[in-house]
Amino acid sequence: MATNPMLNEGAFERARENARSAYQVMTVQGTINKTFALLFICVLGAMISWTHYQSWAAFLWPLAIGAFVMALITSFKPTLSAFTSPVYAFLEGLFLGTISAAYNAAFQGIVFNAVAATILVFFVMLFVYRTGLIKMSRGLMIGIFSATSAIALLYLGSFVLSLFGVSTAYLTSSSPLSIAISVVICAVAAFNFLMDFYFIDEMTSHYAAPKYMEWYAAFGLMVTLIWLYMEILRLLSKLQRR
């Protein structure tokens, strides 16, 4: 059971069937390389929209929808991930650059702090996983999956409520409750890295997945990275508003 829908065992199981005729197989190093490639594309997109974020603000919804569509295609068609994941990364970069510049205009230096915190959390969780400080168990995986699902339902419910004019200050304000919720969400996002590392490790060790699955796995890591960054950015903005 994978928390990150982009890194699920079923996808790797299907890929293993295709790998029987493949000459190259998925490796951890290859996945790392692909992840850095997607990060570079994402940063490039962010740099483009950062300098003229007010002009790009009108395209936030189209960018978000476009990225979501690319995510769905990649999720259901991993064989296309070498093409769809870079497009996803670029669209997300444009989106993040616009959002980040707006936050930075309101709270100078917040973006640098959010990026630094995201990188720090990533490597801390990688260290925790590699050293075995936290052992991956079925119970832990179910817990992470349940918490992530609950957060998704919370955001979906809040969006629906906002359409009817109901206040969602518990998510957007700088109240102690809102800050506490953001801290919990950041923690859950961080623990998703353990799931990502575990499944990549398992599938490269026990499954002869074809080479294109490196793009698929890198895409899954990008989803978690972007989620964590946005949550940290939101948390820091709440703290600065107090």
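Read on for an overview of the structure. (Residues numbered from 1 in each chain as written. Predicted model: local features only at pLDDT ≥ 70, side-chain atom pairs only at ≥ 80, totals over all residues. Heavy atoms only, no water.)

Brief notes about the packing of aromatic side chains
For step 1, the next point in the chain: As enumerated under the stated definition, the model contains eight aromatic pairs in all.
For step 2, the next point in the chain: Ring centres of phenylalanine 122 and phenylalanine 197 lie 5.6 Å apart, and the angle between their planes is 75 degrees; on these two criteria the pair is classed as edge-to-face. Of the two residues, phenylalanine 122 is situated in helix 6 (residues 110-131) and phenylalanine 197 in helix 9 (residues 176-206); the sequence distance between them amounts to 75 residues. Neither phenylalanine 122 nor phenylalanine 197 differs from the other in exposure class; each is buried. (Phe/Tyr/Trp six-rings, centres within 6.5 Å; stacked < 30°, edge-to-face > 60°. Helix = DSSP H or I, 4+ residues; strand = E, 2+ residues; numbered from the N terminus. Buried < 20%, exposed > 50% of the residue type's maximum accessible area, 1.4 Å probe, protein only.)

A short note on the side chain of serine 174
For step 1, the next point in the chain: Counting through the fold element by element, serine 174 comes out in the loop between helix 8 (169-172) and helix 9.
For step 2, the next point in the chain: Classification of serine 174 as buried rests on a relative accessible area of 19%.
For step 3, the next point in the chain: Dropping the residues within four chain positions of it, serine 174 is found in contact with Ile179, Lys238, Arg241 and Arg242. (Contact = heavy atoms within 4.5 Å.)

As for the nonpolar core
For step 1, the next point in the chain: Residues Leu38, Tyr88, Leu96, Phe193, Phe197, Tyr229 and Leu233 are the most contacted members of the largest nonpolar core, which totals 56 residues.
For step 2, the next point in the chain: Listing elements by their share of this core, those giving two or more residues are helix 2 (28-50), helix 4 (60-76), helix 5 (81-106), helix 6, helix 7 (138-163), helix 9 and helix 10 (213-241).
For step 3, the next point in the chain: Looking at this core, the element that brings in the most residues is helix 10, giving 16 residues.
For step 4, the next point in the chain: In this structure, leucine 233 is in contact with Ile99, Ser100, Tyr103, Ile110, Val111 and Ala114, ignoring residues within four places of it in sequence. (Core = buried A, V, L, I, M, F, W, Y, C linked by side-chain atoms within 4.5 Å.)

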